[in-house]
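# Observations on the model geometry
Below are the chains, spelled out letter by letter.
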Number of protein chains: 2
Amino acid sequence: MDRITLESPLDMHLHLRDGDTLTLVAPLSAADFAGAVVMPNLVPPIDALDALDAYRARIAVACDTARFSPWLTLFFRAYSHDELAAARRQIIGVKLYPEGVTTNSAGGVRDLRGIDATLEHLEALGIPLLVHGETHGFVMDREREFLPVYRRLARQFPRLTIVMEHITTREAVELLGEYDNLHATITLHHLLITLDDVAGGLLQPHLFCKPIAKRPEDREALLHAALTGHPRVMFGSDSAPHPRSAKEAAGCAAGVFSAPVALPALAELFADRDVLPMLQRFVSDNARAIYRVTPPLRRITLERVPWRVPDHYGAVVPFGAGTTLAWQVTARA
Amino acid sequence: MDRITLESPLDMHLHLRDGDTLTLVAPLSAADFAGAVVMPNLVPPIDALDALDAYRARIAVACDTARFSPWLTLFFRAYSHDELAAARRQIIGVKLYPEGVTTNSAGGVRDLRGIDATLEHLEALGIPLLVHGETHGFVMDREREFLPVYRRLARQFPRLTIVMEHITTREAVELLGEYDNLHATITLHHLLITLDDVAGGLLQPHLFCKPIAKRPEDREALLHAALTGHPRVMFGSDSAPHPRSAKEAAGCAAGVFSAPVALPALAELFADRDVLPMLQRFVSDNARAIYRVTPPLRRITLERVPWRVPDHYGAVVPFGAGTTLAWQVTARA
């Protein structure tokens, strides 16, 4: 198979940022995807409807939202039932960050035991909970150490749709098998790289992200889930642009900018493993079923035609900059 | 104790480089240390006596070798008995790099099973073998995976002095207990940092080195060995200068430049643990016994007086740049 047409591919974890960066990156996502779950960790975070509405308006200026649905999220805090009931139709979920675990999460949750009232409202209202699941432990252990929190949430709120965002470990994949209300997004880069690629040769700041890339056996487990079309696993790029000056620096910001290369790289990955037809599930069908969303109808065709990834998009260096992928998007309808 | 005078401190693993960098860094080591084991991984590597002699002459131009002994090493290759017999009085050891494991190791050993003849010569001639002990495996496993090689060498060549350079793991410390002919150097930075410091918050290219910093329990084992004056453990900074432009870049070179901050930082570390008198063993006495060397008599006095680490030395950013250490060198005799 040297060609595939994807129906309404979706990116279920995306950072669109704001200002000039939003203007730069939103059209790149909108070109290839029919919809995306947009993260709320701006400065200040989006945690009220007026800020959400204003952000939606800025996104609509930056790209064509008739062809690309930006599904917005609220930044987790203690919300009342009324607040969430009012927000329900305008958000796809609420994103929980433990305090300080990643970029712009300073206002996150300090005490995970104090959030049950808000979770009850989410469950009652049918609003998904999206979670950055890391502790403050040793960097290679943070996701594994967080898994007991997922277990408690899954057990205590059995009707709550919980999405373990950007999972990176074998143990997180295995946890999906324990509770029907647990789901996960997986990024492109965690399917392709391990810590070896970040720090095994020269140090590669453009591959530095949170959660950090893990061990080969972890990547294999992620690959298995994605390539076999695991029904509770969705593609979420976690594409997170930073200007080159913030990446190639002492104190390099975490984040891999992958939005414009995601579909070609995924097509190459799935094709190389002879499971290209499974890509439709991973980049669209599973997400539609889990979130019960209906994206704009788009048809994105990819073909096995070499494509050199640009060295940069404006001030931002993309994942795989300057390398040649075997696939490219050849038609966008 | 707010003051200590060290007698002839030694740095048993040092990169002096060549050219302008040699001119910049050699005086900084010579200021604080009475001697140092100088690594041979220049481009091309120092693997012949004429190159060694020429390098020694360049070092003598760069610093005062009457007060600072540069103990040179040859880059490991298949040497004849005659070659090593001729080199014996001019080198402190032979440094073995597996091919491609670190900076300028492209000419290293590809097949570790084919080196026995040379090792027999080293053993017969009483020349120490210094080893960069890493495999080509996953970055966090490379040292542990190499330990069986150390075991084989220690068993097969019981009279060979083997130095496990810049050890970073608990298992390597434990291995010292198994064979009397195994020794180790430990760097300053591996006593102070873990992978969390490199990649747990923002990514810190100036803390990126090979072997990469490991887990908290590994650092604790290294600290225990150093602070208790383990007789087969020596300080070796592995101070490895790169220009800032090669560190704050896509594809950051491995190496921490610690030579000018090593003694103040070690004094602070040992004093904070109430074992300041043990520092003499770690930075001098153990090395003199293991290598049977007699360095120039120097007295370096450190006092608990705050010292701000310079932001840079020329083009090179030191370990701890811009931070304030609680100790400083106050007299150099």
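Given the structure is predicted, the values throughout are model-derived calculations rather than measurements. (Residues numbered from 1 in each chain as written. Chains lettered and ligands numbered in written order. Predicted model: local features only at pLDDT ≥ 70, side-chain atom pairs only at ≥ 80, totals over all residues.)

The helix and strand inventory of chain A stands at twelve helices and 13 strands. Here chain A has a C-alpha radius of gyration of 18 Å; the compact-globule value for 333 residues is 20 Å, and the two agree. Seen along its three principal axes, the alpha-carbon backbone of chain A occupies a region of about 50 × 40 × 40 Å. (Helix = DSSP H or I, 4+ residues; strand = E, 2+ residues; numbered from the N terminus. Rg over C-alpha atoms; globule rule 2.2 N^0.38 Å.)

This brings us to unusual backbone geometry. Following Val 43 of chain A, the chain continues to Pro 44 of chain A via a peptide bond in cis, the omega torsion being -5 degrees. Mapped onto the secondary structure, Pro 44 of chain A falls in the loop between β3 (35-38) and α2 (49-62). The phi angle at Arg 292 of chain A is positive, at roughly 50 degrees, despite the residue not being glycine. Here Arg 292 of chain A is to be found in the loop between α12 (279-291) and β10 (299-303). If you check the backbone angles, His 166 of chain B has positive phi at about 40 degrees while not being a glycine. Topologically, His 166 of chain B is positioned in the loop between β7 (162-164) and α6 (170-175).

Next up on the list: the pairing of strand β5 (residues 93-96) of chain A. Residues and elements named next belong to chain A. The two faces of β5 match: Gly 93 and Lys 95 on one face and Val 94 and Leu 96 on the other face are all buried. Where strand β4 (residues 69-75) meets β5, three bridges bridge the pair, whose relative direction is parallel. Bridging across to β5, Leu 74 finds its partner in Val 94. Where β5 meets strand β6 (residues 129-131), three bridges bridge the pair, whose relative direction is parallel. Its bridge partner being in β6, Lys 95 is matched across the sheet by Leu 130. With helix α4 (residues 116-125) bridging β5 and the parallel β6, this β-α-β connection has right-handed handedness. (Buried ≥ 20, exposed ≤ 12 C-beta atoms within 10 Å, placed from the backbone. Pairing = 2+ DSSP bridges. Right-handed = clockwise from strand over helix to strand, strands pointing away.)

The two copies are related by a screw motion: chain B maps onto chain A through a turn of 180 degrees and a shift of 0.0 Å along the axis, at an RMSD of 0.0 Å. Here the copies are linked by what is in effect a two-fold axis. Looking at the rotation axis and the C-alpha trace of chain B, the residue lying nearest is Glu 248 of chain B, at 2.6 Å. (Least-squares fit on C-alpha atoms with pLDDT ≥ 70 in both.)

Here we come to the interface of chain B and chain A. The interface is formed by 22 residues belonging to chain B together with 22 residues belonging to chain A. With three residues, helix α8 (residues 195-199) of chain B is the single largest residue contributor to the side of chain B that touches chain A. Residue composition of the side of chain B that touches chain A, grouped by class: 15 nonpolar, four polar and three charged. (Contact = placed C-beta atoms within 7 Å. Nonpolar A, V, L, I, M, F, W, Y, C, P; charged D, E, K, R; others polar.)

This paragraph deals with the nonpolar core. Counting residues in each nonpolar core, the largest one holds 205 residues, and the members touching the most others are Leu 266 of chain A together with Leu 266 of chain B. In this structure Leu 266 of chain A touches Leu 188, Leu 279 and Val 283 of chain A, once residues within four positions along its chain are discounted. (Core = buried A, V, L, I, M, F, W, Y, C linked by C-beta atoms within 7 Å.)

Residue and element names in this part refer to chain A. Mapped onto the secondary structure, Phe 270 falls in helix α11 (residues 262-272). Since 23 C-beta atoms lie within 10 Å of it, Phe 270 is described here as buried. Note: C-alpha distance between Phe 270 and Ala 289 (19 residues apart in sequence) is 21 Å. For Phe 270, the contacting residues outside a window of four places in its chain are Leu 227, Val 275, Leu 276, Met 278 and Leu 279.

On to helix α1 (residues 19-32) of chain A. Residues and elements named next belong to chain A. The largest bend along α1 measures about 25 degrees and falls at Val 25, with the proline Pro 27 one to four residues further on. Turning to α1, its buried residues number three or more, namely Leu 22, Val 25, Ala 26, Leu 28, Ser 29, Ala 30 and Asp 32. Structurally, α1 contributes buried residues whose contacts are with β2 (10-14), β3, α2, α11, β10 and β13 (328-332). (Bend = angle between axes of the 7 residues up to and from the residue.)

So, about the confidence of the model for chain A. Predicted confidence across chain A gives a mean pLDDT of 97, with 100% of residues reaching 70 or more. ipTM for the predicted complex: 0.95, alongside a pTM of 0.96. (pLDDT = per-residue confidence, 0-100.)

The packing of two helices is summarised by the inter-axis angle and the distance between the axes. Residue and element names in this part refer to chain B. The interhelical angle for the contact between helix α1 (residues 19-32) and helix α2 (residues 49-62), taken along N-to-C directions, is 65 degrees, at an axis separation of 8 Å. Viewed along their axes, α1 and α2 form a crossing whose handedness is right-handed. Here α1 contributes Leu 22, Thr 23, Ala 26 and Pro 27 to the contact with α2, which in turn contributes Arg 58, Ile 59 and Ala 62. Classifying every residue of the contact of α1 with α2 by side-chain character gives five nonpolar, one polar and one charged. (Axes fitted to C-alpha atoms, helices over the stretch in contact; angles between N-to-C directions. Left-handed = near helix turned anticlockwise from the far one by under 90°.)

Residues and elements named next belong to chain B. Judged by pairing direction, the sheet is parallel, and its eight strands sit side by side in the order β2-β3-β4-β5-β6-β7-β8-β9 without closing on themselves. Strands with a single pairing partner mark the edges of an open sheet, and in this sheet they are β2 (10-14) and β9 (233-235). Sheet twist, expressed as the mean angle between neighbouring strand axes with direction ignored, is 25 degrees.

Take the environment of Ala 249 of chain A next. Residue and element names in this part refer to chain A. Considering the arrangement of structural elements, one finds Ala 249 in the loop between α10 (244-247) and α11. Under the C-beta neighbour-count criterion, Ala 249 is labelled partly exposed, with 19 such atoms within 10 Å. Between the C-alpha atom of Ala 249 and that of Pro 205, which follows or precedes it by 44 residues, the distance is 8.5 Å.

Right, let's talk about the sheet that holds strand β8 (residues 182-186) of chain A for a bit. All names here are of chain A. Strands sit in the order β2-β3-β4-β5-β6-β7-β8-β9 across an open sheet of eight strands; the sheet is parallel. For this open sheet the edge positions go to β2 and β9 (233-235), each flanked by a neighbour on one side alone. Going from strand to strand, the sheet's axes swing by 25 degrees on average, the running direction of each strand aside. In the sheet, β2 pairs with β3 via three bridges, with the strands oriented parallel.

Glancing now at α2 of chain B. All names here are of chain B. When the terminal C-alpha atoms of α2 are compared, their 20 Å separation across 14 residues agrees well with the 20 Å that a helix rising 1.5 Å per residue should span. Listed in full, the buried residues belonging to α2 are Leu 52, Ile 59 and Ala 62. One face of α2 carries all of its buried residues, which in axial projection span an arc of 80 degrees. In α2, the exposed positions that point more than 90 degrees away from the buried face belong to Asp 50, Ala 54, Ala 57 and Val 61. The inward-facing, buried residues of α2 contact α1 and β4 (69-75). (Expected span 1.5 Å × (residues − 1). Arc of directions from axis to C-beta.)

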